[in-house]
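Okay, here's what each chain looks like letter by letter:
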Amino acid sequence: MTQTVNGPAELRAGVALLAATHQMLDGHLTGPQYAAVVDDTTAELWADAPEDAVRAVAYLGVRIAALFATATGTEVETVLGFLGSEVASLPEQ
């Protein structure tokens, strides 16, 4: 897969996918709502990526966030919030 990397945009999209995956696993997003987030994000940045791969990677990312949360005695939301705030502080390009 050869495409131009847009670091800040891809990091923002990745954090959004992690948050959406966590919300879906927590029951705050329905399957169709989650599918819409995945579809919108992948269509914009990773159009040639298989949806199943994107979902699997997002799930793994949430599991890693859960491991960090457990190791630090915090909640997954805190870990994802930290990632989101760090990514938000990046320059646009």
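Keep in mind it's a predicted model, so treat the numbers as computed, not measured.

### Remarks on the nonpolar core
Reasoning step 1: Counting eleven residues, the largest nonpolar core is built from Ala13, Leu17, Ala20, Leu29, Tyr34, Val38, Leu45, Trp46, Ala49, Val54 and Ala58.
Reasoning step 2: Among the secondary structure elements, those contributing two or more residues to this core are helix 1 (7-25), helix 2 (31-45) and helix 3 (51-72).
Reasoning step 3: Excluding anything up to four places from it in sequence, Leu29 contacts Ala20, Gln23, Met24 and Tyr34.
Reasoning step 4: Counting residues in each nonpolar core, the second largest holds eight residues, with Val62, Ala65, Ala66 and Val76 among its members.

### A closer look at the side chain of Thr21
Reasoning step 1: Take Thr21: it is sitting in helix 1.
Reasoning step 2: By relative accessible area, which is 2% here, Thr21 ends up buried.
Reasoning step 3: Among the polar contacts listed, one links the side chain of Thr21 to the backbone oxygen of Leu17, at a separation of 2.7 Å.
Reasoning step 4: Once residues within four sequence positions are removed from consideration, Thr21 is found in contact with Tyr34, Ala58, Tyr59 and Val62.

What counts and how
- Residues numbered from 1 in each chain as written.
- Predicted model: local features only at pLDDT ≥ 70, side-chain atom pairs only at ≥ 80, totals over all residues.
- Heavy atoms only, no water.
- Core = buried A, V, L, I, M, F, W, Y, C linked by side-chain atoms within 4.5 Å.
- Buried < 20%, exposed > 50% of the residue type's maximum accessible area, 1.4 Å probe, protein only.
- Helix = DSSP H or I, 4+ residues; strand = E, 2+ residues; numbered from the N terminus.
- Contact = heavy atoms within 4.5 Å.
- Polar contact = N/O pair within 3.5 Å; in protein donor to acceptor, adjacent residues only side chain to side chain.

That's the geometry; what it means functionally is another story.
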